[in-house]
Amino acid sequence: MRIVTWNVNSLKARLERVEAWLDEARPDIVCMQETKLADDAFPALTFQALGYESAHYGQGQWNGVAILSRVGISDVVVDFADGLPADPDARIISATCGGIRVSSVYVPNGRSLDNDHYHYKLQWMERLRNHVAATCDPTADVVVAGDFNIAPDDRDVVDPAKLVDVTHVSPQERAALMALESWGFTDSFRHFYDQGSLYSWWDYRAGDFHKGNGMRIDLILATASVMKRATWSIVDRNARKGTSPSDHAPVLLDLV
DNA sequence: ATGGTCGTTGCACGA
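Peer 1: Pulling in residues and values, what's your account of the pattern of salt bridges?
Peer 2: For the structure on display, the rule yields 14 salt bridges. Across the pair R26 and D23 runs a salt bridge, and its minimum N-O distance is 3.4 Å. Look at R26 and you get partly exposed, because its relative accessible area is 44%. With a relative accessible area of 48%, D23 lands in the partly exposed category. The partner of R91 in a salt bridge is D89, and the shortest N-O contact between them spans 3.1 Å. You'll find R91 and D89 in the same group, each marked buried. Beyond isolated ion pairs, a larger network of salt bridges with shared partners links D156, D187, R190 and R216.

Peer 1: Describe the sheet that holds strand 12 (residues 218-222), and please don't skip the residues or the numbers.
Peer 2: An order of 5-6-7-8-12-9 is seen for the 6 strands of this open sheet, with the pairing classed as mixed. Only two strands of the sheet have a single neighbouring strand rather than two, namely strand 5 (74-78) and strand 9 (186-187). In terms of strand pairing, strand 6 (residues 92-97) meets strand 7 (residues 100-106) through 6 bridges, oriented antiparallel. Within the sheet, the bridge partner assigned to I93 lies in strand 7 and is S104. Running over the sheet, helix 3 (residues 116-135) touches strand 6, strand 7 and strand 8 (142-147) and is turned about 25 degrees from strand 6.

Peer 1: Now, about the sheet that holds strand 2 (residues 29-33): what can you tell me, with residues and values included?
Peer 2: Strands in a sheet are paired, the pairing made by backbone hydrogen bonds, and the direction either parallel or antiparallel. Taken in spatial order, the 6 strands make up an open sheet running 3-4-2-1-14-13, and their pairing is mixed. Each end of this open sheet is capped by a strand with a single partner; those strands are strand 3 (53-57) and strand 13 (230-235). Averaged over all adjacent pairs, the angle separating strand axes in this sheet is 10 degrees, with direction ignored. Where strand 1 (residues 2-7) and strand 14 (residues 251-255) come together, 4 bridges link them in antiparallel fashion. Note that in strand 14 the partner of T5 across the bridge is V251.

Procedures and definitions
Residues numbered from 1 in each chain as written. Chains lettered and ligands numbered in written order. Predicted model: local features only at pLDDT ≥ 70, side-chain atom pairs only at ≥ 80, totals over all residues. Heavy atoms only, no water. Salt bridge = Lys/Arg side-chain N within 4 Å of Asp/Glu carboxyl O. Buried < 20%, exposed > 50% of the residue type's maximum accessible area, 1.4 Å probe, protein only. Pairing = 2+ DSSP bridges. Helix = DSSP H or I, 4+ residues; strand = E, 2+ residues; numbered from the N terminus. Contact = heavy atoms within 4.5 Å. Axes fitted to C-alpha atoms, helices over the stretch in contact; angles between N-to-C directions.

Have a look at this one:
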């Protein structure tokens with residue numbers, strides 16, 4: 001079974017490339033972020049023709065998350081299931097696919113450390129942990145995959161010394177991610193590669209991709225029972241090349 | 001040399 005997370009940065013702008021990539025990589029479960037579509041604009045029939053059932057939670061214009069599955073999709077939950085007031089943004093959708101409880105998440109960017117959006121980001125991460133703890137068992141098959149907008153540690157950036165007092169690397173953000181992982185998750189890519197220099201996002205500007213100036217912020221978190229089945233993980237940076245790419249590359253995790 | 005590009009929308013803003 002192949003599980004993928006990919007921030008497509010507008011499915012409307014990216015559909016042709018997404019279709020071509022799905023045909024090539026043949027994933028079984030795809031967690032997608034930043035579809036930037038309303039639910040009635042989501043191209044479910046296009047994915048159906050490629051063999052995928054799907055569930056989408058969008059608002060149009062910004063955000064928007066989806067799950068595609070070739071191994072069934074049931075018990076779809078949009079937003080957090082914690083009884084608190086709904087998140088104003090469409091940033092999380094969960095479903096059961098092939099026996100795995102899967103969530104596709106688009107963690108808030110944070111913008112800057114002195115921005116209200118940064119506090120929203122930290123609160124969102126805490127709420128994500130509570131959501132997982134309330135709805136899942138750490139001994140079960142659970143995957144939370146998506147754009148976390150957090151580089152877990154200094155191996156996940158090019159030059160840590162240049163990243164002081166900025167989002168994605170602050171101790172508070174990293175602690176929030178560690179708190180989520182401590183519930184029972186492994187950063188599956190890191191399980192297979194303990195070196196750095198393999199990133200999942202590169203700014204469109206300044207030729208960052210070609211300079212290798214990226215960050216690893218797209219993660220597939222998996223519980224122990226899923227990790228026992230894991231055989232390899234990779235970032236497909238080829239998907240970041242060529243005409244009209246997303247600024248993120250897909251991350252893959254294969255299970256037996 | 002400290003910018004630079006995208007995607008949205010609408011004549012800026014978010015990432």
